[in-house]
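The lines below spell out each chain.
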Amino acid sequence: MTITGVDLLRGQFELTWSLFEYHLDRLVPEDLLWEPAGLTWTVRPDPAGIWRPDWSDQELDPIPVPTIGWLTWHIGWWWTVALAHAQQTVPPHRTDVPWPGTLLGTRDLMHHLRDEWSMVLEDSSRLTLPAAFPWPPEAGRSVADMYGWVNAELMKNAAEIGQLRLLRAAGA
């Protein structure tokens, strides 16, 4: 059996998704906005009731600890942008990607993004083309690199969410 690059990316994505889904399925509403430290980034409703993330365009020191709500917003943002690049459409600005505001909405969004990404991974014809996300165009990266980055970023965020979920459950 010959394994192609896209087969490897699909397999890696399915493994990463299963680890993410393990924690996603075990979240309870109280997990989402639990603040694990005095300095946190979270999501909050604006005056119109739209959930917006804390954000700074400056490098912060110390770095705020994100809540699970913030992390799931972050996944929604970068994955939506990655999908736009993969589908060759205009990516949304960060401020145009709100957080769903509920656990059910968050789960629905994550599953929707997963389904969209699974369809993207079906097309292997673009893997060797240049990619300008998440790197600058001059970085010389390919669409395959971007697909691998999505897997790595999702794995990192899944681990962060899992750790926060376990810490809250343990009473930290």
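What counts, and at which threshold
- Residues numbered from 1 in each chain as written.
- Predicted model: local features only at pLDDT ≥ 70, side-chain atom pairs only at ≥ 80, totals over all residues.
- Heavy atoms only, no water.
- Axes fitted to C-alpha atoms, helices over the stretch in contact; angles between N-to-C directions.
- Helix = DSSP H or I, 4+ residues; strand = E, 2+ residues; numbered from the N terminus.
- Parallel < 35°, antiparallel > 145°, perpendicular 65-115°, else oblique.
- Contact = heavy atoms within 4.5 Å.
- Salt bridge = Lys/Arg side-chain N within 4 Å of Asp/Glu carboxyl O.
- Buried < 20%, exposed > 50% of the residue type's maximum accessible area, 1.4 Å probe, protein only.
- Core = buried A, V, L, I, M, F, W, Y, C linked by side-chain atoms within 4.5 Å.
- Left-handed = near helix turned anticlockwise from the far one by under 90°.
- Expected span 1.5 Å × (residues − 1).
- Polar contact = N/O pair within 3.5 Å; in protein donor to acceptor, adjacent residues only side chain to side chain.

J.: Kindly report on the packing of helix H3 (residues 68-86) against helix H5 (residues 143-169), identifying the contributing residues and their values.
T.: Running from N to C, H3 and H5 point in directions that differ by 170°, and their axes come no closer than 10 Å. The angle between the axes of H3 and H5 places the two elements in the roughly antiparallel class. Facing Ile 68, Leu 71, Thr 72, His 74, Ile 75, Trp 78, Trp 79, Ala 82, His 85 and Ala 86 of H3, the residues of H5 in contact are Met 146, Tyr 147, Trp 149, Val 150, Glu 153, Leu 154, Asn 157, Glu 160, Ile 161, Leu 164 and Arg 165.

J.: Tell me about the pattern of salt bridges, and please be specific about residues and values.
T.: Tallied over the entire structure, the rule returns nine salt bridges. Close ionic contact of Arg 114 with Asp 115 constitutes a salt bridge, the shortest N to O distance being 3.8 Å. Given a relative accessible area of 44%, Asp 115 falls into the partly exposed group. The network of salt bridges with common partners includes Asp 7, Arg 10 and Glu 122.

J.: Report on the nonpolar core, specifying residues and quantitative values.
T.: Formed by 44 residues in total, the largest nonpolar core has its most connected members in Trp 17, Phe 20, Ile 75, Trp 79, Trp 117, Tyr 147 and Leu 154. Looking at this core, the elements that each hand over two or more residues are helix H1 (5-24), H3, helix H4 (103-120) and H5. Broken down by element, this core gets its largest block of residues, twelve residues, from H3. Apart from residues lying up to four places away in sequence, Trp 79 is in contact with Phe 13, Trp 17, Met 110, Leu 113, Arg 114, Trp 117, Val 150 and Leu 154.

J.: Tell me what's going on with the packing of H1 against H5, and back it up with residues and numbers.
T.: One way to put it is that H1 packs onto H5 with a least axis distance of 9 Å and a crossing angle of 20°. The orientation of H1 relative to H5 falls into the category roughly parallel. For H1 against H5, the interelement crossing comes out left-handed. Across from Leu 9, Gln 12, Phe 13, Thr 16, Trp 17, Leu 19, Phe 20, Tyr 22 and His 23 in H1, the residues of H5 making contact are Ala 144, Tyr 147, Gly 148, Asn 151, Leu 154, Met 155, Ala 158, Ile 161, Gly 162 and Arg 165.

J.: Account for H4, naming residues and giving values.
T.: The first and last C-alpha atoms of H4 sit 26 Å apart over 18 residues, in line with the 26 Å expected at 1.5 Å per residue. Of all the residues in H4, the buried ones are Leu 103, Gly 105, Thr 106, Met 110, Leu 113, Arg 114, Trp 117, Ser 118 and Val 120. For H4, the secondary structure elements touched by its buried residues are H1, helix H2 (29-32), H3 and H5. For H4, the N-terminal capping position is held by Thr 102, with its side-chain oxygen 2.8 Å away from the main-chain nitrogen of Gly 105.

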